[in-house]
Amino acid sequence: MLVLLGLAVCATALKVWLDSATLADFQQKHVRMEHTATQTRAPLTDAPKLPEPSIKAINEAIRNLNFEWHRLFEIMDSHALEDVTLLALEPSDAGKLLKILAEARSLEAMADYLQSLSEDERLNEVVLTHHEVAEQDVNRPIRFSIEARWGYGK
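A brief look at the structure comes next. (Residues numbered from 1 in each chain as written. Predicted model: local features only at pLDDT ≥ 70, side-chain atom pairs only at ≥ 80, totals over all residues. Heavy atoms only, no water.)

Some words on the side chain of histidine 79
Following the sequence through the fold, histidine 79 ends up in the loop between helix H3 (69-77) and strand E1 (84-92). Classification of histidine 79 as buried rests on a relative accessible area of 7%. (Helix = DSSP H or I, 4+ residues; strand = E, 2+ residues; numbered from the N terminus. Buried < 20%, exposed > 50% of the residue type's maximum accessible area, 1.4 Å probe, protein only.)

Here is the structure:
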């Protein structure tokens, strides 16, 4: 019985010694890996500074991504006329100024469209800024630009 007990103690001691050797080996490898990682890691430097125009362009792109296009399209859809084709919408100044480029079959259609937009309570200061007759086109459409004030809260 004492012999079995002695063998069990020896086996346990051997197991503890092997585990501690394995742990020591693991710790040495870990230290070597950390040292290698710090040697190969690029030194931290300040991020390059962007020029002011680039920063403004990035901020404008973010504003455009966050823009509530669906509300603007609802407004424009509510004023759709058969004789007027919407060519471009350009919101700017964080949604406060809206530039509209459109084409009408006649001066009357252009005037009707402008009147319709002017009567919309969601738009303010609706102004015709430019118009011209496309002489080179057989149908001679009127291409025109409108600016209006529009905001998210309306």
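Focus: the side chain of aspartate 120
Mapped onto the elements, aspartate 120 comes out in the loop between helix H4 (107-118) and strand E3 (123-133). Residue class for aspartate 120 comes out buried when judged on its relative accessible area of 8%. Within polar-contact distance, the side chain of aspartate 120 engages the backbone nitrogen of arginine 122 at 2.7 Å. Not counting residues within four places of it along the chain, the set of residues in contact with aspartate 120 comprises Ile75, Ser78 and His79. (Polar contact = N/O pair within 3.5 Å; in protein donor to acceptor, adjacent residues only side chain to side chain. Contact = heavy atoms within 4.5 Å.)

Some thoughts on the pairing of strand E2 (residues 97-104)
Bridge count for E1 against E2 is 8 bridges, and the pairing is antiparallel. Paired with serine 92 across the two strands is leucine 97, which belongs to E2. Judged from the 8 bridges that link them, E2 and strand E4 (residues 142-150) form a sheet pairing that is antiparallel. By the bridge assignment for E4, alanine 102 is matched with phenylalanine 144. (Pairing = 2+ DSSP bridges.)

Quick look at the packing of aromatic side chains
Scanning all chains against the criterion turns up 1 aromatic pair. When the centroid spacing of 6.2 Å and the interplanar angle of 70° are considered together, the rings of tyrosine 113 and phenylalanine 144 count as edge-to-face. Here the residue tyrosine 113 occupies a position in helix H4, and phenylalanine 144 occupies one in strand E4, the gap between them amounting to 31 residues. Each member of the pair, tyrosine 113 together with phenylalanine 144, is buried. (Phe/Tyr/Trp six-rings, centres within 6.5 Å; stacked < 30°, edge-to-face > 60°.)

Here's the deal with the nonpolar core
Ranked by size, the top nonpolar core spans 21 residues in total, and within it Met76, Ile100, Tyr113, Leu117, Leu123 and Phe144 carry the most contacts. Within the residue set of this core, elements represented by two or more residues are H3, E1, E2, H4, E3 and E4. When neighbours within four sequence positions are excluded, tyrosine 113 is seen to be in contact with Met76, His79, Leu81, Val84, Leu86, Ile100, Phe144 and Ile146. (Core = buried A, V, L, I, M, F, W, Y, C linked by side-chain atoms within 4.5 Å.)

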